[in-house]
Every structure is written in structure tokens, then in C-alpha cells.
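So you can see what is in the structure, the chains are spelled out below.
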Amino acid sequence: MEAESEPYVRLATLRQLHQVVADLNTARSLADTLQAVADGIVTGLGYELGCVNLVRPDGDLVIAGFAGNPSAEALITGRVGSRSSWERRLSMGEAWGALRFIPHTEGWVLLDDDVPQWHTEGPEPRFADEWHPQDRLYAPMYASGGGQELLGVISVDRPRNGRHPGAWGQEALQMYASQAAIAISNARLRANMQRALVRLEREQQALRASEESFRQAFEYAPSGMAIAEMGGDQHGRLLRTNDALCRLLGRPASAMRRYSFSDLVHPEDIGTLLRTSAEGGRAELRLVRRDGTYVWVSLRNSVVADTADGPRFLLTHVEDVEERKRHELQLAHRASHDALTGLPNSAELRARLSARLCRRPHAVRATAVETLDAAFEPAAPGTVIPEHGFDFDPHVDAGAHDHHVHMIAPPADSGAADDGTKGLAVLFCDLDGFKSINDRFGHNTGDAVLVEVARRLTTCVRDGDTVARLGGDEFVVLADGLGSADAADLAVRLRNAIIPPIRVDGRAVRVGASFGIGWASCGMSVDEVLSSADQRMYIEKRSRAKVHRRAG
């Protein structure tokens, strides 16, 4: 039964409760808050011992705060009790609102469980509400929000008045447990925020360090580097270039930002650039310098993202391969050209000639009038006319769909009239009198004669024609789009260009030339074409020799 002074006790307790709750909110860390909760039980609620059991992430409860007895604090702080043992305790005894009271008459069964506890022996109570040393009173702390998420349990012992708490004392303990739960949640939130801020700061520092490392690697890389937009209307536009790329192309960084690689690439290499604009693409192509010259480079692309969901950019590594490419071109030129004269050699001549020939013999197509006349001629007896109106034989090449330009030989007979047919003329040239020059004046003079003959032949043909050296004193000229008369005129011009004296080391030497004109025609092999021109050259050489003998 409450005493007459109970209202004054309530007021004093309320003031103390207000103070200890205020202390909870001034704690700087979670550990300080837990200890403040334990201290508030002793200083504000009138108990000699106060213990805070905090739920760990694994569900068990650890003693995180203790007040009232330094010996007991040193003994049990940090010890853990299982969740199942605590759930058993919170389901026993008497429910005082949200509190749970287990009298000593029932609590003896808890002496051997794994929950850390501190108790002393004592006599039996002399009256009904007297506190026994083995009585237990727990105040569960639940997370705010109306749920039943257990944050921890406050356990108290030995009220200073030696009696069970009355209705006001029970209400004060429940209120304190509720405020303690809020304070612990706020402390955890602050701790999590602090850890998040520390982690964010570390990540930002790492990001700044990474960006600085990338900037230095980008800016001071010995080879060219560029960052370009990827996707959208500005795809490929250069956003950033390093000094090495600017020096390579002879352009300042401010000017480079006005271009994309498609603006700088050689027109013949634009297709190569477009095929290698994806991630991991590699290509070797030519970029234009500020002075208009081109430089061979190797491009290697990779895609980088600004953030996890941010825009993507194309990082391009540009390596100068001009020297290697020049060396490769020199090797390729040496493999396909004569070392003495610089003309295409026999292998290159055969390759060019083979590219113009196919296996199928080509007959001259009928004119439009002849085709129309043939369409209206009556069919021969036994001829099957297809119902669909199209006669298609899959075993015969369809000339209308053949993109190869077939070679047609003009009339081979020199006496035949020129019907206007144009073809690929093959002029086989053999020098007359070269062996005597070689034997009389030496190979150096002979080589000089060959170089001059090659020069004269080259100056007499068109840009698209080919002058090749087969070997020794034999040359071949490929001239497309000529008729019979055109080829004969070309042979005369070439012979007249060779005949004038050639001065070598202060002396003048002369050579003649015999030409044989052959024609490249589909259905012929390269050897057959060259052999035909060679035979005609020997026929001309013999006929000219007979003329000279008769004249002598």
C-alpha cells in the first residue's frame, strides 16, 4: 500500500528519470549510451544493480553495460546468453505490464542456464512485497515503430527500499526501457552513419587517388591517348587528348576537341575505323597531321563508365607505327618489285594478270538487235519451252549476274579489220644487242642500260598500265582498253623510245627491241597468255632479222 508521501516520491523520481533520460541523449557513442542506460538504473530508478543485455547480430544477448558493483561488472560484462534461454525467462513468472518478474520461488530453475547472472543468498522474505536476492525483474527493450523486434533486456536487482516496485515504480521502469530503446537505436544509427561516412570518405579518397593516377597515366603516357563520346549524336567526338597524341598529329588539345577520329582518318581507312569502334577493337590505319601528311597508327579501344549507371566513353590508345609500317611496306615492295629497276617483278606481274582472268571462256555477247531477233525466231523441233517464261540452267554461269569484267581478245589476225573490240594487251619485249653490251662493257654498264630502258618504258605508258621486268633483258607491258591498232601503235612508240643512244660512263650504247603482242582472254591461264606474247615476239624478231639480211 502506498504511503501518504507517495506523490512527493513520484515527483522526485520523475525529476531523476528526466535527468537520466537526458543523459542518454548526450552520450557520444553506442558504448557510452549503453553504459549511460546502466548508470541511469542505479542513479535514477533507485536500484542497486543495473544490467543492459544487448541483442547481437546472431540473436544472442551480450552484457554490454553494468552499474552498481565493480566486481560484478568485471566478472560478467561481455558474457553472452543464448536467445533461447532469454526467451524462456521472458515467458516465465508474472507479467507486470511490459515487465517480467520472476520470484525466487520460481527462479531457482534458472540457476543452471547459460545466461550470465549475479546473485547473493538471503533469508526468506518477512512480508509479501519484500525483495529477495534471487528475485528477477526484466524490462524488454523493443525497436520503435510498433513492432516486436527485441533490441535488448534491462535487468535490475535490489531496490533501495527493499521492496517490490509499486505501480509507479513499474511504470517508471517501463518508461525508462522505452526511452533507452530509442537512445540505443539512435546511437546505432549514428554509429552506422559515422561508419558510412568514414567508408564514403575512404572511397572518395581512393577514387580521388585513382582519378589522379589515371590522369597522370593518361597525360604523361609515352603514346597517344584519347577519350571520346560513345553513342548519341556526338558519337566519336574527342573529349580529351594527351600531349603525346597532340604532338603526333601536330595539333593543340583545344583544336583536337573539335574533331572525331572519323574526321582525321584517311578516306581509304574509314571502313576499318567503323569496324573497330566497339570495345576491344584494334586497327591499323592512317591519321592526318596538321600539315596534311598521314601517319600510320595502331588504335586499341576500350569502354569505360563514368559511374555505375553513368555515361560510357571510349578510351582509345594510339600508338605510332609509322616506322614499322614503312618497313613492312618496304619488305612487301622488295618482294613484289625488281631490285635493279624498281619495276614489278615476275611474281607481281603474274598476280596482276591472274586477277584479270577467270576460268570461263568468254564469248562476245550479241548486240541488242541480235538478241531481240533471236527471241522471235521459231523454236527448233523438240525444244521444250518453259511455262514460266524463264530458261535458267543452274549449271551455266549467269553472265548477267557476274560482276567480273571478262577479258575479250580482239581479232588476232593482223590483216583482219579492226571491229572496235577492246582488250588487255600483253606486250612482250626482248632487247636486241643487250648481250654484246654486257659482254663488252661489263655488268655495271648492262645494269645501267636496263635501268634506263625501264625508265623509258614507264614514261611511254598510261598511269594505269603496268611495266614489269620478267628477268634478264625481258620486259612485259600490260595495257588495258586497247584495240589491235592501238596495241601496234604502242609497240612502235615503245620501240622508238628504246632505240636512242644511252650514255653510260661517258660512252653511248644502243639497244634495239622486239615486241610481241598477245591478248589476255578469260579461259586462258597466265602462262598461256605470256607464252602467246613470247611466241609472237620471237616471230617478229625472226622476221626483222630476215629483213636486215635481205637489206644487207
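**Description of the packing of aromatic side chains**
In this description, an aromatic ring pair is defined by two values, namely the gap between the centres and the angle between the planes.
Item 1. Within this structure, the stated rule accounts for four aromatic pairs.
Item 2. Relative to Tyr138, the ring of Trp86 lies with its centre 5.3 Å away and its plane at 75 degrees, an arrangement referred to as edge-to-face. Here Trp86 is found in helix α4 (residues 83-89), whereas its partner Tyr138 is found in strand β6 (residues 136-142), with 52 residues between them in sequence. You'll find Trp86 and Tyr138 in the same group, each marked buried.
Item 3. One residue, Arg251, lies across the ring of Tyr259, its end atom 5.1 Å from the ring centre.
Item 4. Above the plane of the ring of Trp296 lies Lys325, whose end atom (NZ or CZ) is 4.6 Å from the centre.

**With respect to a nonpolar patch on the surface**
Item 1. Taken together, Trp108, Val109 and Leu111 make up a surface patch of nonpolar side chains, about 280 Å² in accessible area.
Item 2. Its location among the elements puts Trp108 in the loop between α5 (104-107) and β6.
Item 3. Look at Trp108 and you get exposed, because its relative accessible area is 55%.

**As for the nonpolar core**
Item 1. One finds Leu137, Met141, Ile154, Leu173 and Tyr176 to be the most contacted residues of the largest nonpolar core, which totals 35 residues.
Item 2. Within the residue set of this core, elements represented by two or more residues are α1 (6-26), α2 (30-44), β1 (47-55), β2 (61-67), β5 (99-102), β6, β7 (150-159) and α6 (167-219).
Item 3. With eight residues, the single largest contributor to this core is α6.
Item 4. Formed by 30 residues, the second largest nonpolar core is a distinct cluster that contains Val477, Leu494, Ala513 and Phe515.

**Here we look at the environment of Ser155**
Item 1. Here Ser155 is to be found in strand β7.
Item 2. Setting aside chain neighbours within four positions, we find Ser155 in contact with Leu49, Gly50, Cys51, Asn53, Leu137 and Tyr138.

**Some thoughts on the environment of Leu189**
Item 1. The topology assignment puts Leu189 in helix α6.
Item 2. Using a relative accessible area of 48% as the deciding quantity, one classes Leu189 as partly exposed.
Item 3. Sequence spacing of Leu189 and Leu30 is 159 residues, and the spatial spacing of their C-alpha atoms is 9.2 Å.

**Some thoughts on the sheet that holds strand β12 (residues 312-320)**
Item 1. The sheet built from five strands is open, its strands ordered β9-β8-β12-β11-β10 with antiparallel pairing. What marks the edges here is a single partner per strand, and that holds for β9 (238-241) and β10 (282-288). Between one strand and the next, the sheet's axes are offset by a mean angle of 35 degrees, whatever the strand orientation.
Item 2. In the sheet, strand β8 (residues 224-229) pairs with β12 via six bridges, with the strands oriented antiparallel. For Ala228, the partnering residue across the bridge sits in β12 and is Leu314.
Item 3. Where helix α11 (residues 322-336) meets the sheet, it contacts β10, β11 (294-305) and β12, and its direction lies at approximately 130 degrees from that of β11.

**Examining the confidence of the model for the chain**
Item 1. Predicted confidence across the chain gives a mean pLDDT of 83, with 83% of residues reaching 70 or more.
Item 2. pLDDT under 50 marks residues 363-372. Its contacts with residues more than four places away, or in other chains, come to four contacts.
Item 3. Long-range and interchain partners of residues 548-552, a stretch whose pLDDT sits below 50, account for zero contacts in this model, where long-range means more than four residues apart.

Calculation criteria
- Residues numbered from 1 in each chain as written.
- Predicted model: local features only at pLDDT ≥ 70, side-chain atom pairs only at ≥ 80, totals over all residues.
- Heavy atoms only, no water.
- Phe/Tyr/Trp six-rings, centres within 6.5 Å; stacked < 30°, edge-to-face > 60°.
- Helix = DSSP H or I, 4+ residues; strand = E, 2+ residues; numbered from the N terminus.
- Buried < 20%, exposed > 50% of the residue type's maximum accessible area, 1.4 Å probe, protein only.
- Lys NZ or Arg CZ within 6 Å of the ring centre and 35° of its normal.
- Patch = residues over 30% accessible without salt bridge, like charges linked within 9 Å, V, L, I, M, F, W, Y side chains within 5 Å.
- Areas by Shrake-Rupley, 256 points an atom, 1.4 Å probe, with all protein chains shown as cover.
- Salt bridge = Lys/Arg side-chain N within 4 Å of Asp/Glu carboxyl O.
- Core = buried A, V, L, I, M, F, W, Y, C linked by side-chain atoms within 4.5 Å.
- Contact = heavy atoms within 4.5 Å.
- Pairing = 2+ DSSP bridges.
- Axes fitted to C-alpha atoms, helices over the stretch in contact; angles between N-to-C directions.
- pLDDT = per-residue confidence, 0-100.

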